[in-house]
Amino acid sequence: MEPIQHTADLSAYLAADEVIDHHHPVVRETAARLARGAADSYDYARAAYTFVRDVIPHSQDSGDLRVTWRASDVLTLRTGICHAKSHALAALLRAEDIPTALCYQRLLRDDGGGHVVHGLVAVRFHGAWHRQDPRGNKPGVDARFSLEGERLAWVPDSASKEMDYPVLYAEPHPAVITALRAAPDRPHLWKTLPSTL
């Protein structure tokens, strides 16, 4: 799959907004702490990825019913689904001037009852985009930070009508952010997340 930038302006993938609020003190403090131990931007990107993947539990895995969507809230409350964790990782990477996009997959729901849109990010290094999935590992899921070939949580199965969406967004997709903002809790969110983009 060849990724397609939603906007040609690379600076859009460094911008802060209400969701990817990398100007927020908790984002800046977390980024500064991670940067202190990093030798270069690649090392920082790997550290930020590992932090979001491993330190912030996926709310379904942990049983947390809270819904987060703003990067600073994800970092403060230490919980979120794939989309929220992607927003947090995008904010941490953009805080250190690493262009980061939001991207999506269409996957079967865990219970097999239809599809759901899954969120991940793409980072730009060496003139190319590289997708990363900070969802969080669990039995059967072993995602890794990699610029040498994708190590995502899932590879879509076209026979099951799963797919990778090629578009790289500078901001969260409206259908995703609308569902996150409107959900009073995760069980409600599970019913309202989009099944396609």
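To start, this report covers the structure provided alongside it.

Definitions and limits used
Position labels on residues start from 1 in each chain and follow its written sequence. It should be noted that, the model being predicted, local features are given only for residues of pLDDT at least 70 and side-chain atom pairs only at 80 or more, the latter also being counted only at that level, while totals for whole chains, interfaces and linings use all residues. Computation of side-chain values covers all heavy atoms of the structure but excludes hydrogens and water. Here, a salt bridge means any side-chain nitrogen of Lys or Arg that lies within 4 Å of a carboxyl oxygen of Asp or Glu. Buried residues are those whose accessible area, probed at 1.4 Å on protein chains only, stays under 20% of the maximum for their type, while exposed residues exceed 50% and partly exposed ones sit between those limits. The helix and strand labels rest on DSSP assignments: H or I over at least four residues marks a helix, E over at least two residues marks a strand, and numbering proceeds from the N terminus. Relevant arc is that of directions from the helix axis to the C-beta atoms, nothing else. Only heavy atoms enter the contact rule, under which two residues are in contact if any of them lie within 4.5 Å. Whether two strands pair comes down to DSSP finding at least two bridges between them. Whenever a nitrogen or oxygen atom comes within 3.5 Å of another N or O atom, the pair is scored as a polar contact, on the condition that within protein one atom can donate a hydrogen and the other can accept it, and that pairs from neighbouring residues in sequence are kept only if both atoms are in side chains.

What follows deals with the pattern of salt bridges. It is possible for side chains bearing opposite charge to pair when their charged atoms get close. Following the criterion strictly, the structure yields 10 salt bridges and no others. One salt bridge in this structure joins Asp-64 and Arg-66, with 2.7 Å as the shortest N-O distance. In this structure, the salt-bridge partner of Asp-142 is Arg-151, at a minimum N-O distance of 3.5 Å. Its relative accessible area of 37% is what places Asp-142 among the partly exposed residues. Overlapping salt bridges, with partners in common, bring together Glu-18, Arg-70, Asp-73 and Arg-181 in one network.

The next subject is helix H6 (residues 174–182). Every buried residue of H6 is accounted for by Val-176, Ile-177, Ala-179 and Leu-180. Buried residues along H6 cover an arc of 160 degrees about the axis, so they all sit on one side. Looking at H6, the residues exposed on the side facing more than 90 degrees away from the buried face are Pro-174, Thr-178 and Ala-182. On its buried face, H6 is in contact with helix H5 (82–95), strand E2 (100–108), strand E3 (115–125) and helix H7 (186–192).

This paragraph deals with the pairing of E2. Across the 9 residues that make up E2, a large majority, 8, are buried. Where E2 meets E3, 9 bridges bridge the pair, whose relative direction is antiparallel. Counterpart to Leu-108 in the pairing with E3 is His-115. Where E2 hands over to E3, the hairpin turn is made up of 6 residues, of which Gly-112 adopts a positive phi near 75 degrees. In this structure, E2 lies alongside strand E5 (residues 163–164), joined through 2 bridges in antiparallel fashion.

Moving on, we come to the environment of Tyr-49. Looking at the secondary structure, you find Tyr-49 in helix H2 (residues 41–55). The spatial distance from the C-alpha of Tyr-49 to the C-alpha of Leu-93 is 8.7 Å, given a sequence separation of 44 residues.

Residue position: His-130 is located in strand E4 (residues 128–132). Here His-130 falls in the buried class, since its relative accessible area comes to 16%. Every residue in contact with His-130, bar those within four places of it in the chain, is listed here: Val-121, Ala-122, Val-123, Phe-125, Ser-146 and Leu-147. A distance of 3.3 Å separates a polar side-chain atom of His-130 from the backbone oxygen of Phe-125.

Bear in mind that shape data such as this cannot, by itself, settle questions of function.
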